2 protein chains.
Amino acid sequence: MKQALLLIAMALMSANGVAAEEPIQPVERPKHLDAGKVELGKQLFFDARLSKSGWISCNSCHNLSRGGTDNLVSSIGHGWAQGPINAPTVLNSSYNVAQFWDGRAADLKAQAGGPIANPGEMASTHELAVKVLQTIPGYVQEFEKVYGKGPVTIDHATDAIAEFERTLVTPDSRFDKWLKGDKNAINAQELAGYQLFKITGCVGCHNGPAVGGGTLQRMGSFNPYDTSNPSLGVAGISGQSIDRFRFKVPILRNIELTAPYFHDGAAKTLEAAVDTMVWVQLNRHFTPAGRDKVVAFLKTLTGKQPDFPLPQLPPSGPDTPAPQPFDSK
Amino acid sequence: MKQALLLIAMALMSANGVAAEEPIQPVERPKHLDAGKVELGKQLFFDARLSKSGWISCNSCHNLSRGGTDNLVSSIGHGWAQGPINAPTVLNSSYNVAQFWDGRAADLKAQAGGPIANPGEMASTHELAVKVLQTIPGYVQEFEKVYGKGPVTIDHATDAIAEFERTLVTPDSRFDKWLKGDKNAINAQELAGYQLFKITGCVGCHNGPAVGGGTLQRMGSFNPYDTSNPSLGVAGISGQSIDRFRFKVPILRNIELTAPYFHDGAAKTLEAAVDTMVWVQLNRHFTPAGRDKVVAFLKTLTGKQPDFPLPQLPPSGPDTPAPQPFDSK
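Here, residues in each chain are numbered from 1, in the same order as that chain's written sequence. As a convention, the first chain written is A and the first ligand written is 1, with the rest following in written order. Totals for whole chains, interfaces and linings use every residue, but because this is a predicted model, local features are given only for residues with pLDDT of at least 70 and side-chain atom pairs only at 80 or more, for both listing and counting. Side-chain descriptors were evaluated using all non-hydrogen atoms of the structure, hydrogens and water having been removed beforehand.

Focus: the overall build of chain A
Point 1. Helix and strand labels come from DSSP, where a helix needs a run of H or I of at least four residues and a strand needs a run of E of at least two; each type is numbered from the N terminus. If you tally the helices and strands in chain A, you get 12 helices and four strands.
Point 2. Only C-alpha atoms enter the radius of gyration, while the globule expectation follows 2.2 Å times N to the 0.38, with N the number of residues. Here the C-alpha atoms of chain A give a radius of gyration of 21 Å, agreeing with the 20 Å that 2.2 N^0.38 yields for 329 residues.
Point 3. Its C-alpha atoms give chain A principal-axis dimensions of about 60 × 45 × 35 Å.
Point 4. Any two residues whose heavy atoms approach within 4.5 Å at even a single point are treated as in contact. For chain A, contacts bridging at least 24 residues in sequence account for 71% of all contacts bridging at least 6.
Point 5. Distance from the positive charge centre (31 side chains) to the negative charge centre (31 side chains) of chain A: 3 Å. In this tally, Lys and Arg are treated as positive and Asp and Glu as negative; His is ignored, and so are the chain termini. Lysine's charge is taken at NZ, arginine's at CZ, aspartate's at CG and glutamate's at CD.

A look at the relation of the copies chain B and chain A
Point 1. Fitting of the copies onto one another was done by least squares over C-alpha atoms, counting residues only where both copies have pLDDT of at least 70. With an RMSD of 0.0 Å, the fit of chain B onto chain A corresponds to turning through 180° and sliding 0.0 Å along the axis. Taken together, the rotation and translation describe the operation of a two-fold axis. Using C-alpha coordinates, one finds that chain B approaches the rotation axis most closely at Pro309 of chain B, a distance of 2.0 Å.

What to know about the pattern of salt bridges
Side-chain pairing between opposite charges can occur once the charged atoms of the two side chains come close.
Point 1. The term salt bridge refers to a side-chain nitrogen of Lys or Arg lying within 4 Å of a carboxyl oxygen of Asp or Glu. Going through the model one piece at a time under the given rule, you end up with 32 salt bridges over all chains.
Point 2. Arg166 of chain A is the partner of Glu163 of chain A in a salt bridge, and the nearest nitrogen-oxygen pair spans 2.5 Å. Here Glu163 of chain A pairs with Arg166 of chain A, and both are found in helix 7 (residues 154-166), just three residues apart, close to one helical turn.
Point 3. Exposure categories follow from relative accessible area, calculated using a 1.4 Å probe and restricted to protein chains: below 20% of the type maximum is buried, above 50% is exposed, and the middle band is partly exposed. With relative accessibility at 27%, the residue Arg166 of chain A sits in the partly exposed group.
Point 4. Notably, a salt bridge pairs Glu190 of chain B with Arg174 of chain B, separated by 2.8 Å at the nearest N-O pair. Note that Glu190 of chain B is positioned in helix 9 (residues 188-200) and Arg174 of chain B in helix 8 (residues 174-179), a separation of 16 residues in sequence.
Point 5. Under the relative-accessibility criterion, Glu190 of chain B is labelled buried at 8%.
Point 6. One salt-bridge network, in which partners are shared between bridges, spans Asp275, Arg291 and Asp292 of chain A.

Remarks on helix 11 (residues 270-282) of chain B
All names here are of chain B.
Point 1. Under the convention used throughout, the expected extent of a helix is 1.5 Å for every residue step, that is, one less than its residue count. With 13 residues, helix 11 extends 17 Å from end C-alpha to end C-alpha; this agrees with the ideal 18 Å at 1.5 Å per step.
Point 2. Every buried residue of helix 11 is accounted for by Leu270, Ala273, Val274, Val278, Val280 and Gln281.
Point 3. On its buried face, helix 11 is in contact with helix 9, strand 3 (216-218) and helix 12 (288-298).

Digging into the interface of chain B and chain A
Point 1. Contact residues are listed per partner, giving 41 residues for chain B and 40 residues for chain A.
Point 2. As a working definition, buried area equals the accessible area (1.4 Å probe) given up by two parts on being put together, with both sides summed. Summed over both partners, the interface of chain B with chain A buries about 3,500 Å², with 65% contributed by carbon and sulfur atoms.
Point 3. Counting the surface chain B buries against chain A, the share from its top three residues, Trp55, Trp80 and Leu310 of chain B, is 27%.
Point 4. Here chain B is connected to chain A by zero salt bridges.
Point 5. As used in this structure description, the phrase polar contact means that two N or O atoms lie within 3.5 Å; if the pair is within protein, one of them must be able to donate a hydrogen and the other to accept it, and residues adjacent in sequence are counted only when both atoms belong to side chains. Seen at the junction of chain B and chain A, the total is 16 residue pairs in polar contact (both at pLDDT 80 or more).

Section: the confidence of the model for chain A
Caution is warranted with low-pLDDT regions, since their predicted coordinates should not be read in detail.
Residue and element names in this part refer to chain A.
Point 1. pLDDT is a per-residue confidence score from the predictor, ranging from 0 to 100. For chain A, per-residue confidence averages 94 on the pLDDT scale, and 94% of positions sit at 70 or higher.
Point 2. Confidence over residues 9-15 falls short of pLDDT 50; this stretch has three contacts with residues more than four positions distant or in other chains.
Point 3. This prediction of the complex comes with two scores: 0.94 for pTM and 0.93 for ipTM.

Considerations on helix 11 (residues 270-282) of chain A
Note: α-helices contain 3.6 residues per turn, so residues at a spacing of three or four share the same orientation.
Point 1. Looking at the buried residues of helix 11 of chain A, the elements they touch are strand 3 (216-218) and helix 12 (288-298) of chain A.
Point 2. Of the residues one or two after helix 11 of chain A, Asn283 of chain A is the one with positive phi, at around 60°.

Some thoughts on empty space enclosed by the protein
Picture a little ball the size of a water molecule; that probe, rolled over the atoms, points out where space is still empty.
Point 1. Method remark: on a 1 Å grid restricted to protein atoms, a set of points is classed as a cavity if a 1.4 Å probe fits but cannot get out and as a pocket if it is open with protein on both sides within 12 Å along at least five of seven lines; lining residues have an atom within 4 Å of a point. Grid points are joined across faces, edges and corners, and a volume is the space filled by probe spheres set on the points. In the structure shown here, the tally under the stated rule is three cavities of 30 Å³ or more.
Point 2. The computed volume of the largest cavity comes to approximately 450 Å³.
Point 3. Along the walls of the largest cavity sit 25 residues, with Ser57, Asn59 and Ser60 of chain A together with Asn59 and Ser60 of chain B positioned nearest its centre.
Point 4. Breaking the lining of the largest cavity down by element, the ones donating at least two residues are helix 3 (58-61) of chain A together with helix 3 (58-61) of chain B.
Point 5. In this model, the second largest cavity occupies a volume close to 40 Å³.
Point 6. When the residues that make up the lining of the second largest cavity are grouped by side-chain class, the tally is four nonpolar, one polar and two charged. Charged residues are taken to be Asp, Glu, Lys and Arg, nonpolar residues to be Ala, Val, Leu, Ile, Met, Phe, Trp, Tyr, Cys and Pro, and polar residues to be all remaining types, Gly included.

Considerations on the packing of helix 9 of chain B against helix 12 of chain B
Residue and element names in this part refer to chain B.
Point 1. Taken N-terminus to C-terminus, the directions of helix 9 and helix 12 make an angle of 105°; their axes are 7 Å apart at the nearest point. With respect to each other, helix 9 and helix 12 are oriented roughly perpendicular. Counted together, Gln189, Glu190, Ala192, Gly193, Tyr194, Leu196 and Phe197 of helix 9 and Gly290, Asp292, Lys293, Val294, Ala296, Phe297 and Leu298 of helix 12 form the full contact between these two elements.
Point 2. Among the residues forming the contact of helix 9 with helix 12, the class breakdown is eight nonpolar, three polar and three charged. For helices, the axis comes from a line fit to the C-alpha atoms of the stretch in contact; other axes are also lines fit to C-alpha atoms, and the angle between any two N-to-C directions lies between 0 and 180 degrees. By definition in this entry, angles of less than 35 degrees are roughly parallel, angles greater than 145 are roughly antiparallel, angles of 65 to 115 are roughly perpendicular, and the rest are oblique.

Regarding the environment of Ser238 of chain B
Residue and element names in this part refer to chain B.
Point 1. Along the chain, Ser238 turns up in helix 10 (residues 235-238).
Point 2. A relative accessible area of 30% means that Ser238 is categorised as partly exposed.
Point 3. Within the structure, the side chain of Ser238 is placed 3.1 Å from the backbone nitrogen of Gln240, a separation counted as a polar contact.
Point 4. Within polar-contact distance, the side chain of Ser238 engages the side chain of Asp243 at 2.6 Å.

Observations concerning the nonpolar core
Point 1. In these notes, a set of buried Ala, Val, Leu, Ile, Met, Phe, Trp, Tyr and Cys residues joined through side-chain atoms within 4.5 Å is what counts as a nonpolar core. Ranked by size, the top nonpolar core spans 74 residues in total, and within it Leu44, Leu64 and Phe143 of chain A together with Leu44, Leu64 and Phe143 of chain B carry the most contacts.
Point 2. Apart from residues no more than four positions distant in its own chain, Leu64 of chain B is found in contact with Leu310 and Gln312 of chain A together with Phe45, Phe46, Asn59, Val90, Leu91, Phe164, Leu168, Pro306 and Phe308 of chain B.

A closer look at the packing of aromatic side chains
Given two aromatic rings, one states the distance between the centres and the angle between the planes to describe the pair.
Residues and elements named next belong to chain A.
Point 1. Pairs were defined over the aromatic rings of Phe, Tyr and Trp, the Trp ring being its six-membered one, requiring ring centres within 6.5 Å. Orientation was assigned from the angle between planes: stacked under 30 degrees, edge-to-face over 60, tilted for the rest. For the coordinates displayed, the defined rule picks out 31 aromatic pairs over all chains.
Point 2. Ring geometry for Trp101 against Phe247: centres 5.9 Å apart, planes inclined by 85°, an arrangement best described as edge-to-face. One end of the pair, Trp101, is in the loop between strand 2 (81-82) and helix 4 (108-117); the other, Phe247, is in strand 4 (residues 246-248), with 146 residues separating them in the sequence. We note that Trp101, like Phe247, is buried.

Dropping the structure here:
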């Protein structure tokens, strides 16, 4: 019975032109999103008033003009604080099994509240952020429209941000076109790179629609990964030595846009990242030609980037707390 | 002859529904811009790789989601440097007689090069900025399309940014609709505020399409302006004591979006700004009711904000110099 269902499913997928046996599936546009939440969340994502300084927004480090990252080794936070870890892309992050490199947030909504209140990031508090939003007449109106009468809450604010983030998928990459049956969408080298990506075992962790994000894995499962970055991964939460360097598998969608790579941002190029990964995770080396094929494949994963008008933010009201960029320096 | 031409001009304007005798003219969309330069300049305006840190773009302080300003007392620069002066709006800045508060840049192109190389702002150099652009394949292609074969230059980069900035006008405000003949576009209080704005003499400096920006004037022409901000205005360039506190008259278009006000960012609200200005510039006080009318009028000057898709930036190449956010700290 199970097998029969599977066969039917495969037949259906095949009918849609999707290569059913492939370990990577096309990115799909989300359905059933709340348009009001998305619009509100989009504004909040771009609004630096959620930070203490009034200068850092979600988009500062998860820049939607740059693959959803800041392209820095590690991010800059309040007072020019040096962040501890490379900012992961927000693109396709709704596919992640959990959020943050160590998976400590269960979902996008739980994640969104973190940086706002992190002293080394946006350095606000949930109380202050809510007070700011509550005193901006344009937001009060929008929150009421979306969540009904009542005070603005951090729960609603992060809910709206998460709903906006669900829209940040990047469909229609050349690879997805190939998956859906357009055999000319990628060239022979790129296809050879994909075959190599599969038979080498990269696909063991980097699979599913996001080509990663589905599991937490040890960085250096075969050979030790050498880094000066002190992040412990899941061990920082569990305290278990077995979880040392266990990180969420990064999403490889749009990977050509999101250098530098790894949790420590140590790999400056895709070539360097691929060379390191096959050694520490798979205990082998690619030839330069083989590595170039894999890199060529990875570049076919760049999909349609966020495409919406630059958000316009409502002005502060007379009672909106003034930003405090310099008081703690 | 001259008078005859003037009469014809006035007749033409009247035919267009424009109140020809008014000291403020509607904002008009620019014509004859180079679309290629505009697109390239738009990307550069949003590209933080023009800064040493890779984190500060033109849009960081002239935020097009927030009236073309950062809504801070003074801006944040490289290493969290505290800026010396309030960031003026970039909206409608093509109408300015000169750029910067002290008018030290003749035009938008000359201005654009300043912050890139200012150690307290973007902290790059023109040489480094060019090297960055020159090693980003997507930009090399675009520069060649727009400026022809040859190396990328800072001259071309600032030319493109300036061309983009010329698009940043904000037409179709309620006040402009009124100017063009829609008598219901503003209400009785707003109209009364405009009359007061004229008869009090505000309009002596705040006139023209941008409602300011046309001249450099002394802040405190009647009564001294008290501030702890050390900026000298034009005197900082000329060394002449007569130029002390001579600043470019701020543009009042979209003024409800660009708090706080004045070169020192000391006025938190429009009400406070109006109260101060009528005293120091015009040696009088408004009644609270009169001031509220003027504020109501000022809020009719908010026009159509920038409306374009969030720019997408080309990825760095293998030889692009890495950003250096932390090396000088």
